[in-house]
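# Residue-level structural notes
This is what each chain is made of:
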Amino acid sequence: MFKKLLVKARDARWLWDMFGPIYNRQIYNAIFELYDHISLNIDVDTDSQILDIGTGRGYMALQLAAHFPMTSVVGIDFSPMQIRAAERLRKKMDVGNCRYQRGNAMEIPFIEDHFAAVVSVGSIKHWPDPQKGVSEMRRVLAPGGWAVISETDKEVSDEALRRFMARFKAWYLWNLLLSWGLRHIIFGESYSQQEIVAFFKAAGFKNIQMQNIGTCPYVIVKAQK
Ligand SMILES: C[S@@+](CC[C@H](N)C(=O)[O-])C[C@H]1O[C@@H](n2cnc3c(N)ncnc32)[C@H](O)[C@@H]1O
């Protein structure tokens, strides 16, 4: 019951509006290799557009904008506070080919076939209907375009979780609490690689590929429209 309430809070917009800045401060150092890996492993043409869903402070979007300077990147998030934080960081880093707007993964505010690539990192576990979100990704993706979903791995080993935890500098959180929260609320209530593959299959994607990077216990699944 208590765990269910925590998971519900984890997925609520108010939580991201209030506590997004705490997550944003911690996450970059913990998963920057993942952002790198994703941007190095998608193909897009010059002058095309890329979408990042559940962009948070926009780390993935900024990485894509830097890696593909001739494209235009859009980050959406359902939290207005996260969008403001992303915009502040974009301005600070003086990145021109990236913009943010509010948008819900359940109803992506773009027309069909619009993007050359669509990515999402750490967001799908928060979506009330992940299958609908993956179908929405496919709808806004141009034919032949790639979608990438990366998410905390529900099947993470204790050892990998310990290594991951060591990357957080949350001195204000008791280690036992952090470890319990990561295991039971974040990773434990997330998805396995096979579950994400199943969402892609059911949405009609092809060429589904599973990837991993050793330093980061996130699943990475890539598929083509
Ligand atoms: C764990 S954070 C990941 C943020 C970012 N992708 C990163 O790598 O740091 C999850 C993000 O998804 C957003 N989010 C959750 N549910 C969403 C939904 N239904 N539509 C759009 N964004 C959502 C939250 O506001 C939050 O910013």
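Rules of the game
- In every chain, residue numbers begin from 1 and rise along the written sequence.
- Local features in a predicted model are, by the rule used here, given only for residues with pLDDT of at least 70; side-chain atom pairs are given and counted only at 80 or more, and totals for whole chains, interfaces and linings are based on all residues.
- The basis for the side-chain values is all heavy atoms of the structure; hydrogens and waters are excluded.
- Note on pairing: two strands pair once DSSP finds at least 2 bridges between them.
- Secondary structure counts use DSSP, requiring at least four H or I residues in a row for a helix and at least two E residues in a row for a strand, with both numbered from the N terminus.
- Axes, fitted as lines to C-alpha atoms, cover a helix only where it is in contact. Angles between the N-to-C directions of the axes lie from 0 to 180 degrees.
- Two residues form a contact once any of their heavy atoms are found within 4.5 Å.
- Residues enter a nonpolar core if they are buried and are Ala, Val, Leu, Ile, Met, Phe, Trp, Tyr or Cys, with the set joined through side-chain atoms within 4.5 Å.
- Partly exposed residues are those whose accessible area sits between 20% and 50% of the maximum for their type, while under 20% is buried and over 50% is exposed, using a 1.4 Å probe and protein chains only.
- Definition of a polar contact: a pair of N or O atoms within 3.5 Å, with one able to donate and the other able to accept a hydrogen when the atoms are protein atoms, and with sequence-neighbouring residues admitted only if both atoms are side-chain atoms.

Let us look at the sheet that holds strand S5 (residues 141–152). Across a sheet, strands are paired by hydrogen bonds formed along the backbone, either parallel or antiparallel in direction. In spatial order, the strands read S3-S2-S1-S4-S5-S7-S6; together these seven strands make up an open sheet with mixed pairing. Since the sheet does not close on itself, it has two edges, and those belong to strand S3 (98–102) and strand S6 (206–213), each with one partner. Looking at each pair of strands side by side, their axes are set apart by 20° on average, direction ignored. Where strand S1 (residues 49–53) meets strand S2 (residues 72–77), five bridges bridge the pair, whose relative direction is parallel. Within the sheet, the bridge partner assigned to Leu51 lies in S2 and is Val74. Packed on one face of the sheet, helix H5 (residues 130–140) meets S1, strand S4 (115–121) and S5 and runs near 150° to S5.

Our focus in this paragraph is the nonpolar core. Ranked by internal contacts, the top residues of the largest apolar core, which has 41 residues, are Ile31, Leu34 and Tyr218. What Ile31 contacts, discounting residues up to four positions off in sequence, is Val121, Phe164, Arg167, Cys216 and Tyr218. One finds Ala105, Ile124, Val134 and Phe205 within the second-largest nonpolar core, a separate group that totals 28 residues.

Moving on: the side chain of Asp17. Structurally, the position occupied by Asp17 is in helix H2 (residues 13–40). Here the side chain of Asp17 touches Ser79 through a polar contact of 2.6 Å, side chain to side chain. With residues up to four places along the chain from it excluded, the contact list for Asp17 reads Ser79, Pro80 and Met81.

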